[in-house]
Amino acid sequence: MIKGTRMIVITKKKIIAAGSIAVLFALCAILIGVSANGRNITAFSAYKGIIDRQLTPEDNTDLSQQIKKISGAASEIPSRVLKHFFALGEPSPEPEPETAPENTVQEEVMQPEIRRADRGLQVSNATDMSVNPSDFLNQPLAFALDGNGPQVLIMHTHTTESFSEECYIKGDPDRNLDETKNITAVGKAMAEVFNKNGIPAIHDTTVHDYPAYNGAYQRAAATIQKDLNKYSGIKVVLDVHRDGITKDDGTKVKLVTDINGETTAQVMLVVGTNATLKHDNWKENFKFASQIQAKAIEMFPSLMRPIDVRQERFNEHMTTGSLIIEIGTNGNTMEEAVNGGRDIAEVISTVLKN
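Counting starts from 1 at the beginning of each chain's written sequence and moves along it residue by residue. In view of the model being predicted, local features appear only for residues whose pLDDT reaches at least 70, and side-chain atom pairs are presented and counted only at 80 or more, with totals across whole chains, interfaces and linings using the full set of residues. Neither water nor hydrogens contribute to the side-chain values; these are computed over all heavy atoms in the structure.

Brief notes about the nonpolar core
For step 1, the next point in the chain: To qualify as a nonpolar core, a set must consist of buried Ala, Val, Leu, Ile, Met, Phe, Trp, Tyr and Cys residues joined through side-chain atoms within 4.5 Å. With a 1.4 Å probe rolled over the protein chains alone, any residue whose accessible area is under 20% of its type maximum counts as buried; one over 50% counts as exposed, and the rest are partly exposed. Within the largest apolar cluster, 48 residues are counted, with the highest numbers of intra-cluster contacts made by Val-186, Met-190, Phe-194, Leu-238 and Ile-327.
For step 2, the next point in the chain: Where helices and strands are cited, they refer to DSSP runs of H or I of at least four residues and of E of at least two residues respectively, numbered from the N terminus. Secondary-structure elements contributing two or more residues to this core are strand 5 (152–155), helix 4 (183–196), strand 7 (236–241), strand 10 (267–272), helix 6 (282–299), strand 11 (307–310), strand 12 (322–327) and helix 7 (334–353).
For step 3, the next point in the chain: When residues in this core are grouped by element, the largest group, 9 residues, is from helix 7.
For step 4, the next point in the chain: Throughout, a contact is declared for two residues whenever any of their heavy atoms are within 4.5 Å. Those residues in contact with Leu-238 that lie beyond four places of it in its chain are Val-152, Leu-153, Ile-154, Met-155, Met-190, Phe-194, Leu-323, Ile-325 and Ile-348.
For step 5, the next point in the chain: Counting 10 residues, the second largest nonpolar core, distinct from the first, contains Met-155, Ala-220, Ile-224 and Met-318.

A short note on the environment of Lys-230
For step 1, the next point in the chain: Take Lys-230: it is sitting in helix 5 (residues 216–230).
For step 2, the next point in the chain: Taking C-alpha positions, Lys-230 is 10.0 Å from Pro-150, a pair spaced 80 residues apart along the chain.
For step 3, the next point in the chain: Polar contacts, as used here, are pairs of N or O atoms within 3.5 Å; protein pairs need one atom able to donate a hydrogen and one able to accept it. Residues neighboring in sequence count only if both atoms are side-chain atoms. Among the polar contacts made by the side chain of Lys-230, one reaches the side chain of Tyr-231 at a distance of 3.4 Å.

Brief notes about helix 6
For step 1, the next point in the chain: Its 18 residues give helix 6 an end-to-end C-alpha distance of 26 Å, which sits within 8% of 26 Å, the value for a rise of 1.5 Å per residue.
For step 2, the next point in the chain: Those residues of helix 6 lying buried are Trp-282, Asn-285, Phe-286, Lys-287, Phe-288, Ala-289, Ser-290, Gln-291, Ile-292, Gln-293, Ala-294 and Ala-296.
For step 3, the next point in the chain: Of the surrounding secondary structure, the elements contacted by the buried residues of helix 6 are strand 4 (122–125), strand 7, strand 10, strand 11, strand 12 and helix 7. Helix span is expected to be 1.5 Å times the residue number reduced by one.

Side note on the pattern of salt bridges
For step 1, the next point in the chain: Salt bridge, as used here, is a side-chain nitrogen of Lys or Arg placed within 4 Å of a carboxyl oxygen of Asp or Glu. With the rule as written, the count across this model stands at 14 salt bridges.
For step 2, the next point in the chain: Here Asp-204 and Lys-226 are joined by a salt bridge, their closest N and O atoms 3.5 Å apart. Pair noted here: Asp-204 is in the loop between strand 6 (201–203) and helix 5 and Lys-226 is in helix 5, with a separation of 22 residues, a long-range link.
For step 3, the next point in the chain: Taking the relative accessible area as the measure of exposure, Asp-204 reaches 10% and is therefore buried.
For step 4, the next point in the chain: Residue classification places Lys-226 among the partly exposed residues on the basis of a relative accessible area of 45%.
For step 5, the next point in the chain: Lys-254 serves as the salt-bridge partner of Glu-336, at 3.2 Å between the closest nitrogen and oxygen. In this pair, Glu-336 sits in helix 7 while Lys-254 sits in the loop between strand 7 and strand 8 (256–259), placing the two residues 82 residues apart along the sequence.
For step 6, the next point in the chain: By relative accessible area, Glu-336 is classed as buried at 8%.
For step 7, the next point in the chain: Given a relative accessible area of 33%, Lys-254 falls into the partly exposed group.

A word on the environment of Thr-157
For step 1, the next point in the chain: Positionally, Thr-157 belongs in the loop between strand 5 and helix 4.
For step 2, the next point in the chain: Separated by 50 residues in the primary sequence, Thr-157 and Val-207 have C-alpha atoms spaced 7.5 Å apart.
For step 3, the next point in the chain: Look past the residues within four positions of Thr-157 in its chain and what remains in contact with it is His-208, Asp-209, Ala-216, Tyr-217, Ala-220, Asp-239 and His-241.

Quick word on the pairing of strand 5
For step 1, the next point in the chain: The alternating pattern of strand 5 places Val-152 and Ile-154 and Leu-153 and Met-155 on opposite faces, both of which are buried.
For step 2, the next point in the chain: Paired strands, in this sense, are two strands between which DSSP finds at least two bridges. Strand direction decides the pairing type here: strand 5 and strand 6, joined by 3 bridges, are parallel. Across the sheet, residue Val-152 finds its bridge partner in strand 6, namely Ala-201.
For step 3, the next point in the chain: Note that strand 5 and strand 7 share 4 bridges and pair parallel. Directly across from Met-155, in strand 7, lies its bridge partner Asp-239.

Quick look at the structure:
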């Protein structure tokens, strides 16, 4: 072999692989061609390398109007971000230990099915399981407050999530180690509301996503278990986050509404299921979320986004009163998020006391 050159060997496997790639591109071309006639719009999503769910033009228009109504946003939201609006906005959490080793990333996410239920309730369902919150509104919760020490635990898997104010973690514009400028401040405000309403609550500010982000859910599970062992009366675990919604041009989307004259970040309840990991009692958490959503519609009609039902478990298997709560986005201010946190804590307090 002459020095400075390389021999290229084309094997049968490479030929087959090349042919498979060609077939894939041909399939994409067919899908794009079908969309051109307006009968069946199918978007090819570069965001996770998957093909989105199919939308007719009428569906797309209706979804856009739903977003404007729910978010109260004054600005137009382009159709290319509609498909991510009702999902968490952030990348899916890393798989827990029993599914994959550390530093792995989930590559596929089902696109959500948007459904309206009775009494104005809404669900964004990213699973293949049928759920209707109206079926759970008159059922008793799986737990009851007993006055045996703290009843509510507030914690944060992604403790450094911050808002539109200045951030301090180098290289990440949406995270902050200052507890007065990140999601921890929202959790503190929520705990104050619970305690004011006679529901003993503790706020665990343990940092789980810094210096390492990957593995945060495993570390958060250890924190939850530590608190459950220390305070046997805990019935409710609220993992408080903020969402992240960014347009293609980098503009952050703010989700706000007016509650009693205050500009307030909107709130989304996230329910994990047993689609990927063992979680036998996930419907108890969904029942809890459904009753919170219904009560919020009565108390603060514009506060809530649809309940987000997901394939992932999110550590919600640890109690029958476990939920993720997304308060605002990376486009909201801290003041707006704190207002949203206080309002949803008032709603949950009412549900728990009744």
